[in-house]
Each structure stands twice: as structure tokens, then as C-alpha cells.
Amino acid sequence: MKKNIVITLLFAATLSSCGEYNKLLKSTDYEYKYEAAKNYFAKGQYTKASTLLNDLITILKGTDKAEESLYMLGMSYYNQKDYTTAAQTFMTYYNTYPRGTFSELARFHAGKALYLDTPEPRLDQTSTYQAIQQLQMFMEYCPTSSKKQEAQKMIFDLQDKLVLKELYSARLYYNLGNYMGNNFESCVITAQNALKDYPYTEYREELSILILRAKYSMAVYSVVDKKAERYRDTIDEFYAFKNEFPESKYLREAEKLFNQSKSVIKD
């Protein structure tokens, strides 16, 4: 114990200068280099820690320090907000050490790193799907983890991001109207698919009113033979909307569409 304290104090004293760090980069004393990396990590100097650990990963492979060094490297990238590299490092860790000391944390941080790196909803959401997959794998492999609730919340957040992208698409279709085709129908299909795939989304009300608007517009612009059928469809959609959202901020608008549809359907 006293020896460890002395070593820690020694590193704290000697690693404060740039000259010492440059010597470490060139050093072949890998034991010293490893302890220095741990010291930098403990002090929150993650750039220096990751640089040293990168040099050591291959050399330490197969030793008792390999597992810890790989996890520290992942956390160093994570704390530098290099989330893509961090996620890749954590995935390498738990694939290499599936029952390792840090396997639970590595799985969790792989998902969280990808979560933190996901783009805003209008952009490509490939990384969002990857983050959901990693977090679901974490919950599957670590069902009793204390971080399970946090992981579930991140999954819900990511799913809402995917729904929001679909909501933007549905709005775009609605605004395009009949331009170069029946975009109202595309609006309905997009919104309905989003509700089917993510039934508990916080954007459910917005998607539902879009469906009602689009169905009404389809009836208005429909050919004569299909008008009655589509107005009836709008009326049915209104009842479904009102039943689910009896105090909706869109209720007055929905009732107006309903009344206009009823005025056309006399029977």
C-alpha cells in the first residue's frame, strides 16, 4: 500500500512538465508509461492518457493490464467527447472481454456514446438506429444493472428523434399537397407508420391531427366518385382523434373539419 502511494506521488510530481511527457512518448519502459497513463487519466488529462494508452494497447495485450488499459482508453475518448471512437473502443472491449471487469460499463457507454453523437432529426439517422441497438443489447446482457433506467430513457429519446423525422416528412408531404401527385396520401401513410412503429411517442397528437387534415384534403380534392367515401373516412378519423385527445389544442380545428365533412354527407 505504501509503495503504491509513493508511486502515485512520484508521478504527480514528475508528470507536470511538457518535457517529462515528451520523454514518456519516446520511452520503452512500458510499466512506467502505463502508470503515467493511469495518472493522467486520474487527473482528467484524457488527451495525454489516450495518447499513451494507444501506444500501449498492443504491447499490453495478454497481460493483466490489457483489460483495464482498453477500458481506460475508451473512457479517455468518451471524456474528450470523441464519441465515435469511444463507442468503437468500448465495443472492442466487450467483444474481447465479454465477462470482463468493465463489460457492463463498456456496453452502457458504447450505447451512451452513440446516443450523444446522434444528429438532429432532419439528418440521416443511421447512427440513431445504431445507438438504439447498442442500448437494447446493454439491457439484454445486463438486465439488473443500476443503469437500466437511464438506458431505457435514452432509447425513448432516440425513438422520439426517429418519430420527429417522420413527423417532418409527413408535414412536408401535407404542405406539398397535390404537387406532382397525391402527397396527402403520402402524409397519411408516413404518419400512420410512425404511430404504428412508435405507439407511445410524445408526438402522437401532432401525427394524428396531420392524418385528419390530410384525409380531409384528400376528400376535398378527390374525384366525384370518391368524395363521399373520403369524407366518411374523415368523419371516422375525427371520432378516433376526439376519443384519444378529448382536450386537444387542435380540437376546434378538428371539429371544423368534421362539420364541413358532415355538411357534404347528407345521409
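Residues numbered from 1 in each chain as written. Predicted model: local features only at pLDDT ≥ 70, side-chain atom pairs only at ≥ 80, totals over all residues. Heavy atoms only, no water.

Secondary structure summary: the protein contains 13 helices and zero strands in total. Starting at the N terminus and ending at the C terminus, the protein contains elements arranged as α-α-α-α-α-α-α-α-α-α-α-α-α. What you see for the protein is a C-alpha radius of gyration of 28 Å, clearly larger than the 18 Å of a compact globule of 267 residues, by over 25%. Along the first, second and third principal axes, the C-alpha atoms of the protein reach 95 × 40 × 30 Å. Out of the 267 residues belonging to the protein, those deemed buried represent 43%. When the accessible area of the protein is evaluated, it comes to approximately 15300 Å², of which 51% is carbon and sulfur surface. (Helix = DSSP H or I, 4+ residues; strand = E, 2+ residues; numbered from the N terminus. Rg over C-alpha atoms; globule rule 2.2 N^0.38 Å. Buried < 20%, exposed > 50% of the residue type's maximum accessible area, 1.4 Å probe, protein only. Areas by Shrake-Rupley, 256 points an atom, 1.4 Å probe, with all protein chains shown as cover.)

Attention shifts here to the confidence of the model for the protein. For the protein, the mean per-residue pLDDT works out to 91, and 93% of the residues sit at or above 70. Taken element by element, the protein is modelled with least confidence in helix 1 (residues 2–14), mean pLDDT 46, and with most confidence in helix 7 (residues 103–116), mean pLDDT 98. In this model, residues 1–15 is a region of pLDDT below 50 whose contacts with residues beyond four sequence positions or in other chains number 16 contacts. (pLDDT = per-residue confidence, 0-100. Contact = heavy atoms within 4.5 Å.)

We now examine the packing of aromatic side chains. Per the counting criterion, the structure on display carries 15 aromatic pairs. Between Y78 and Y83, the aromatic rings sit 5.6 Å apart at their centres with planes inclined by 70°, giving edge-to-face as the arrangement. Given a relative accessible area of 14%, Y83 falls into the buried group. Put simply, the rings of Y71, F90, Y93, Y97 and F102 touch in pairs and so form one group of aromatic residues. Over the ring of Y141 we find R107, and its NZ or CZ is 3.8 Å from the ring centre. (Phe/Tyr/Trp six-rings, centres within 6.5 Å; stacked < 30°, edge-to-face > 60°. Lys NZ or Arg CZ within 6 Å of the ring centre and 35° of its normal.)

Turning our eyes to something else, we now look at the environment of Q192. Inspection of the secondary structure assignment puts Q192 in helix 10 (residues 183–197). Of the residues examined, Q192 reaches a relative accessible area of 35% and is grouped as partly exposed. Residues Q192 and D64, 128 residues apart in the sequence, show an inter-C-alpha distance of 54 Å. Setting aside chain neighbours within four positions, we find Q192 in contact with I211 and K215.

As a further point, take the packing of helix 6 (residues 83–96) against helix 7. Put simply, helix 6 and helix 7 touch, their axes get as near as 8 Å, and they point 155° apart. The pairing of helix 6 with helix 7 is recorded here as roughly antiparallel in orientation. Here helix 6 runs over helix 7; the crossing is left-handed. Contacts from Y83, A86, A87, F90, M91, Y93 and Y94 of helix 6 reach helix 7 at S103, A106, R107, H109, A110, A113, L114 and L116. Residues belonging to the contact of helix 6 with helix 7 are distributed by class as follows: 12 nonpolar, two polar and one charged. (Axes fitted to C-alpha atoms, helices over the stretch in contact; angles between N-to-C directions. Parallel < 35°, antiparallel > 145°, perpendicular 65-115°, else oblique. Left-handed = near helix turned anticlockwise from the far one by under 90°. Nonpolar A, V, L, I, M, F, W, Y, C, P; charged D, E, K, R; others polar.)

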